[in-house]
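Examination of the molecular architecture
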Amino acid sequence: MTENNLIDDLENDDDLEDDDQEGSPDSRSSRGRSRGAAPRGRRYRRVKICNFCVDRVESIDYKDIDTLNRYVSNRGKILPRRQTGACAKHQRAVANAVKRARHVALLPFSGKHTLD
Ligand SMILES: [Zn+2]
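Residues numbered from 1 in each chain as written. Predicted model: local features only at pLDDT ≥ 70, side-chain atom pairs only at ≥ 80, totals over all residues.

1. A short note on the overall build of the chain
From N to C terminus, the chain includes six helices and zero strands. Along the chain direction, N to C, the helices and strands of the chain fall in the order α-α-α-α-α-α. Counting only residues that meet the buried cut, the chain has 12% of its 116 residues in that class. Within the chain, counting contacts between residues at least 6 apart in sequence, those at least 24 apart form 71% of the total. (Helix = DSSP H or I, 4+ residues; strand = E, 2+ residues; numbered from the N terminus. Buried ≥ 20, exposed ≤ 12 C-beta atoms within 10 Å, placed from the backbone. Contact = placed C-beta atoms within 7 Å.)

2. Some points on the environment of histidine 90
Here histidine 90 is to be found in helix α6 (residues 88-103). Counting along the chain gives 30 residues from histidine 90 to isoleucine 60, while the straight-line C-alpha distance between them is 8.2 Å.

3. What about the environment of asparagine 96?
Structurally, asparagine 96 can be placed in helix α6. Exposure remark for asparagine 96: the 13 C-beta atoms within 10 Å place this residue in the partly exposed category. C-alpha of asparagine 96 to C-alpha of aspartate 61: the two residues are 35 residues apart in sequence and 9.7 Å apart in space.

4. Overview of unusual backbone geometry
In this structure, arginine 56 is a non-glycine residue whose phi angle is positive, near 55 degrees. Looking at where arginine 56 falls in the secondary structure, it is placed in the loop between α3 (51-54) and α4 (65-69). A count of 6 C-beta atoms within 10 Å places arginine 56 in the exposed class. Phi at alanine 105 takes a positive value of approximately 65 degrees, unusual for a residue other than glycine. By secondary structure assignment, the location of alanine 105 is in the segment after α6.

5. Comments concerning the confidence of the model for the chain
Summarising the model, the chain shows a mean pLDDT of 76, and 60% of its residues fall at 70 or more. Confidence, read as mean pLDDT per element, is least for helix α1 (residues 2-21) in the chain (47) and greatest for α6 (96). Low pLDDT, under 50, characterises residues 10-24; the predicted model gives this stretch four contacts beyond four residues in sequence or across chains. (pLDDT = per-residue confidence, 0-100.)

This is how it looks when you write it as structure tokens:
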């Protein structure tokens, strides 16, 4: 679960700012404009390096659930490239591997279902 936490942190980091301002109705109308026109400085692009390129991975195994889990949200969705930092080639490979893993029931299609 440690690797999942790492990705959760990234997710929350992006949304933090917006949630604070959601409360007041006035800020909502100006929000769309201010986002594009006035950068607040906090939004810098973090340099991310593709983990697969670092390890020189050629093909991603759909049975390797431990690595695939790092590229899937806790709701079972494939994480976007801006969060995973994977390059286009490897993100595509990950997406294919996740879909294969789902098909053979190694990964879930959706979040947990509870009976009650
Ligand atoms: Zn790569």
